[in-house]
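What the coordinates show
Listed below, chain by chain, are the residues.
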Amino acid sequence: MSAQADPAQRVAIGLSFGNSYSSIAYTTGEGKAEVIANEDGDRQIPSALSYVEGEELHGGQAKSQLVRNAGNTVAYFRDFLGQDFKSVDPSPCHQSAHPTQQGDGVAFSIRDTEEDKENTIPVGDITTRHLTRLRTSASDYLGKNVNAAVITVPTNFSEAQKEALKSAAQGAGLEVLQFIHEPTAAILAYDARPGAQLADKVVVVADLGGTRSDIAVVASRGGIYTILATMHDYDVSGFKLDQVLIDYFAKEFLKKHKSVGDPRENDRAMAKLKLECEAVKKALSIGTTANFSVESLLGGVDFTATINRTRYDLLGNKLFAAFTRLVTHAVEKAQLDPLDISEIILAGGNSHTPKVAAAVRSGFPDTTTILAPSTSPTAINPSELPVRGAAIQASLIQEFELEDIEQSTHPVVTVTPHLSNAVGVLCISGDESSGVFHPIVDAETSLPVRRTATITTPREGGDVLVKLAEGSRHIKITKPEARPKKQDDRTEDDSDSEEDESEEEDELREKTWKVGNTLSEAAIRGIKKGGKVEVQINIGADLSVNAIYREVGGKGGVRGIISGQKANGST
Amino acid sequence: MASTVEIALPLPVLPGGWAGEKDFKPVGQLSAATDRNIEPVGPHFLAYARRKRHQRTFSEDERIQAQSNVKKVEEEDPDDVDEPEDPVMLQREAKDWKSQDHYAVLGIARLRHRATEDQIKKAHRRKVLKHHPDKKAAAGGDEGDQFFKCIQKATDVLTDPVRRRQFDSVDEGAEVEPPTKKETQKGNFYKLWGKVFEAEGRFSNHQPVPKLGNAKSSKEDVENFYNFWYNFDSWRTFEYLDEDVPDDNENRDQKRHVERKNQAARRKKKTEDTARLRKLVDDALALDERIKLFRQQENAHKNKRRLDKEAEQKRLAEEAAKKKEEDAKLQAEKEATEKAQKADSKKAKEAAKNAAKKNKRVVRGAVKDANYFHAGGDAPASQIDSALNDTDLIIAKIDHEELAALTSKLGNEKDAGKIKQIFKDEAERLIAAGKLAQADVKSLA
């Protein structure tokens, strides 16, 4: 099967290849992304391969082999791809086959044939096998031979890693149409929903995954996405949440069966604990209590216990808080204020946990929408976000020639100038001090851009002044008048505690606009009573502004061009 | 595409005395932009990339996109042709629906089994619009809705995939009669049989069906083709030709009898069809020039090997014979030369012998001339005897050449002293050479 398929013969899927789980999706005829379940009925397919007597087990079946056949089970290998051995962190593989060095790269020593000898398989080959299984599942489901894919990768995936993934995919008979970033895929999944409004907004995609957390602050401007800042954390992860539960249950076990010993010190018991704790964690996302039950956990002792959600929330509080901090840091890194964030998309399997959404909620103002299953009934399953985005992208580009795609994703096309300040009109008063700035084009909008605004006019009509200006966002912090005044005198040397507790409720943060330099003035004369003015702004890549002002429904209008700073034009 | 911002706050009133050229006054410039990477994802990015790569502005791009979209809509319905209707067909009774050609009734006889469901639906709609009984009544024609019923029946059959297959199985309009032997001999084998196999291929469970190809097809393709047809997996059924099963509940036996008969008939027809197809493929195979060609090529190949071998053997035999001949010739030559040489040497020997004899005679004569090395007067008998003995000894000791040299030295020497001196020299030379002892030549002393 040739990887260079004819675009007409192409059957493309979206593929999300994660450290812990992978998923596959396709786009239906109506343009809806559907996630494909594999033969076991899993939509979230564990990225694991296990070999028993030469037979290859994949997904959930392989994962359950972690207990009995850990040495021949390869899991959590995505981040090893294309890396040299020195720079990989093998800690997630503690309970599966350990990575070994092969040349510069990473390999696994496993018994993958019936013969009783260990073969050293480079991580690229492991990935090829994993992707082959995914491709087969998708082909079986669709009844068509799938031969192309859009694959999601984290934002910090290097070129070498992409190259390695690309060749692994080619080995599996998949032509990689494009690599897209996981956070953008998640936003695309939301924006591609029918009836979605394409507002200008700043979105934070917070992905709490199994082995790592990734936060991306993305400016979404009329369907064009720009990543403003990213954060990666390998300590705040689903594993750590599992660990919290493991510790809890291990202690419970020790309380009841003191003589048997600590299950954490036995490999097999630990594997059992880990698998069950992951299941408990999932169960707690849905119900308020969950049963923990492992047969023969240690020394032939069966162990059952229950845990309720509150307990779990308490146990994981530190991690939830750390996750929230991570999100806030990312926003700070993008030099934005929590007030600027209009949406937070929670992605990754652990975002099912209601407490995660609640914790993030508490860190942001009410104007910010949190998109997670527990806060919004219309939220998309967080585990499926990237793969859905990938499937949508796959359906968009699958008819294009590979060369076309490459050209379109080349930096020549993707690097564009972005507005550093918002551009808008002054309302109510033409004077800068008393006028109210209203943005038409937000900051961080990629150029060229075209926006239209309709503005109401004074009730009696007549001649109006349209003043275009730059504006910068400003956070106004007001302290409630009466009380703090008195407090301030008093508490200067008083205890800090009072200040601390009252700080959050006292401070009132508001988003206001500071008018920057004026760009142009225009007059529209003789507007009818109750008429409206339409302003269309075209900003070119060379920062020239082409503005058209006219009365809605009226004829004529005013046109004006503000020339840009040629020297600054970057394209 | 650009979203519109609605601003509820009113605009300020134009201050008095404000004036600008054409009511517009540029004041400032935008502050510097920052370069950032946009994510190459989503429909809006694709639109952006298209604009950027083709250097279009927003409005240009919109116009071009709109145009291309319009084109697509227009091209969508290229097969909207009205096939001419056979007046005889229009007179059909709806109750004879089984014998009607459903495709012809719907006006898609050119498509037949290739017609898509969508095409059938469209054709039905077209025909309904044309033949609706209400329309006919309004036009004042006869009020027969028979053909309309035919149309409905045809649609019923063709839109049901199972019934459509049953009809397609016995659709005579789609059949292509195999050409006769005579026709194929005119050189259009591929054209005529290609059509036949294409038509038969519609019954295959395995699509796509391999093509007959042409004279240049590879051996592999041809073999594939015939293998496919000898293992043909057909979905053809003959239910459509079933005799109507009585629908009343009264006569169950009769019903079962008819059903059994139908089953048997179907089986029989299927067997016949399989046999027919088999024969068809046999015929085609027999007429296929390529098969003969391949056989010839194979034979030629085999023969070539054999001929090569034979030629090689012949060449070797010839070479051997030639070598033998040459050897014989060489031998003969050698013998001849040897013979000649022998004869020559004999002659030379003879000559040498004669010369030696002559020389000896001269030498002896010389001895005699030298008065047998005796110093004065007649030599006594003993002197003569010893001189002759010595001379003979010398002659015996020296070979032909030396003898000749000696002879030439002696030449016509008459002087006894000189002759004696020559003999002396000769004797001394021989003594020096160790061939003669001093004592042997007493007469020369």
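Everything in this summary refers to the structure shown in the same document. Everything numeric here is computed off the predicted structure, so don't read it as measured data.

Some remarks on the overall build of chain A
For chain A, the helix and strand inventory stands at 14 helices and 28 strands. Burial analysis of chain A (571 residues in total) assigns 55% to the buried set. In chain A, once contacts between residues fewer than 6 apart in sequence are set aside, the share between residues at least 24 apart is 65%. Accessible surface computed for chain A: about 24800 Å², of which carbon and sulfur atoms make up 47%.

As for the overall build of chain B
For chain B, the count of helices and strands is 16 helices and three strands. Split into buried and exposed, the 445 residues of chain B put 30% on the buried side. Residue pairs at least 24 apart in sequence account for 65% of intrachain contacts in chain B once pairs closer than 6 positions are excluded. Element-wise, carbon and sulfur atoms account for 51% of the exposed surface of chain B, whose accessible area totals about 29300 Å².

A closer look at the sheet that holds strand 24 (residues 462–478) of chain A
Strand pairing in a sheet relies on backbone hydrogen bonds, with the paired strands running either antiparallel or parallel. Overall, antiparallel pairing links the five strands, which are arranged 22(A)-21(A)-24(A)-25(A)-2(B) in an open sheet. The sheet is open, and its two borders are formed by strand 22 (436–441) of chain A together with strand 2 (24–26) of chain B, each paired with just one other strand. Taken over all neighbouring pairs, the strand axes of this sheet differ in orientation by 40° on average, direction set aside. Both strand 21 (residues 422–427) of chain A and strand 22 of chain A contribute to a ladder of five bridges, which runs antiparallel. Residue pairing for strand 22 of chain A: A:Val425 is matched across the bridge by A:His438.

Section: helix 8 (residues 317–333) of chain A
Residue and element names in this part refer to chain A. Counted at 1.5 Å a residue, the expected span for helix 8 with its 17 residues is 24 Å, and the 24 Å between its end C-alpha atoms agrees. When helix 8 is considered as a whole, its buried residues turn out to be Leu 319, Phe 320, Ala 322, Phe 323, Thr 324, Leu 326, Val 327, Ala 330 and Val 331. At the C-terminal side of helix 8, Gln 335 shows a positive phi close to 60°.

What to know about the layout of surface pockets
Residues and elements named next belong to chain A. There is about 900 Å³ of room inside the largest pocket. Forming the boundary of the largest pocket are 43 residues, of which Tyr 21, Gln 44, Gly 348, Gly 349 and Ser 383 lie nearest the centre. In terms of residue count, the dominant contributor to the lining of the largest pocket is helix 6 (residues 267–286) (six residues). Each residue belonging to the lining of the largest pocket can be placed in one class, and the counts come to nine nonpolar, 21 polar and 13 charged.

Brief notes about the interface of chain A and chain B
Every contact between the two is made by 87 residues of chain A and, on the other side, 48 residues of chain B. Of the roughly 6100 Å² buried between chain A and chain B, counting both surfaces, carbon and sulfur atoms make up 58%. Between B:Arg36 and A:Glu444 there is a salt bridge, with its nearest N and O atoms 2.6 Å apart. Our count for the contact surface shared by chain A and chain B stands at 12 residue pairs in polar contact (both at pLDDT 80 or more).

Comments concerning empty space enclosed by the protein
All names here are of chain A. Per the stated rule, a full pass over the model turns up seven cavities of 30 Å³ or more. Each pocket or cavity is described by its volume, and for the second largest cavity that value is around 70 Å³. If you go around the second largest cavity, the residues you meet are Lys 63, Leu 66, Tyr 76, Pro 92, Gln 95, Ser 96, Ala 271, Lys 274, Leu 275 and Glu 278. The leading source of residues in the lining of the second largest cavity is helix 6, at four residues. When the residues that make up the lining of the second largest cavity are grouped by side-chain class, the tally is five nonpolar, two polar and three charged.

Overview of helix 5 (residues 238–256) of chain A
Each full turn of the α-helix corresponds to 3.6 residues, which orients residues three or four apart in the same direction. Taking 1.5 Å per residue, 19 residues should reach 27 Å; helix 5 of chain A reaches 27 Å between its end C-alpha atoms and fits that length. As for helix 5 of chain A, its buried residues are in contact with helix 6, strand 16 (289–298), strand 17 (301–308), helix 7 (309–315) and helix 8 of chain A.

As for the sheet that holds strand 15 (residues 224–233) of chain A
Residues and elements named next belong to chain A. In spatial order, the strands read 15-14-13-18-19; together these five strands make up an open sheet with mixed pairing. Because the sheet does not close on itself, it has two edges, and the strands there are strand 15 and strand 19 (369–371). Mean inter-strand twist for the sheet, computed between neighbouring axes without regard to direction, equals 20°. Together, strand 13 (201–208), strand 18 (343–347) and strand 19 form the strand contacts of helix 9 (residues 354–362), whose direction differs from that of strand 18 by roughly 155°.

Remarks on the pairing of strand 15 of chain A
Consecutive residues of a regular strand have side chains that alternate between opposite faces of the sheet. Residue and element names in this part refer to chain A. In terms of burial, strand 15 is largely enclosed, as eight of its 10 residues are buried. Relative to strand 15, strand 14 (residues 213–221) runs antiparallel, the two sharing nine bridges. Paired with Val 218 across the strands is Ile 227, a residue of strand 15.

Details of the side chain of B:His131
Tracing the backbone through its elements, the reader meets B:His131 in helix 5 (residues 117–131). When sequence neighbours within four positions are dropped, the list of residues in contact with B:His131 reads B:Glu85, B:Leu90, B:Lys136, B:Phe147, B:Phe148 and B:Ile151.

About the criteria used
- Residues numbered from 1 in each chain as written.
- Chains lettered and ligands numbered in written order.
- Predicted model: local features only at pLDDT ≥ 70, side-chain atom pairs only at ≥ 80, totals over all residues.
- Heavy atoms only, no water.
- Helix = DSSP H or I, 4+ residues; strand = E, 2+ residues; numbered from the N terminus.
- Buried < 20%, exposed > 50% of the residue type's maximum accessible area, 1.4 Å probe, protein only.
- Contact = heavy atoms within 4.5 Å.
- Areas by Shrake-Rupley, 256 points an atom, 1.4 Å probe, with all protein chains shown as cover.
- Pairing = 2+ DSSP bridges.
- Axes fitted to C-alpha atoms, helices over the stretch in contact; angles between N-to-C directions.
- Expected span 1.5 Å × (residues − 1).
- 1 Å grid on protein atoms, 1.4 Å probe; cavity = no way out; pocket = protein on both sides within 12 Å on 5 of 7 lines; lining within 4 Å.
- Points joined across faces, edges and corners; volume = space filled by probe spheres on them.
- Nonpolar A, V, L, I, M, F, W, Y, C, P; charged D, E, K, R; others polar.
- Buried area = accessible area lost by both parts, 1.4 Å probe.
- Salt bridge = Lys/Arg side-chain N within 4 Å of Asp/Glu carboxyl O.
- Polar contact = N/O pair within 3.5 Å; in protein donor to acceptor, adjacent residues only side chain to side chain.

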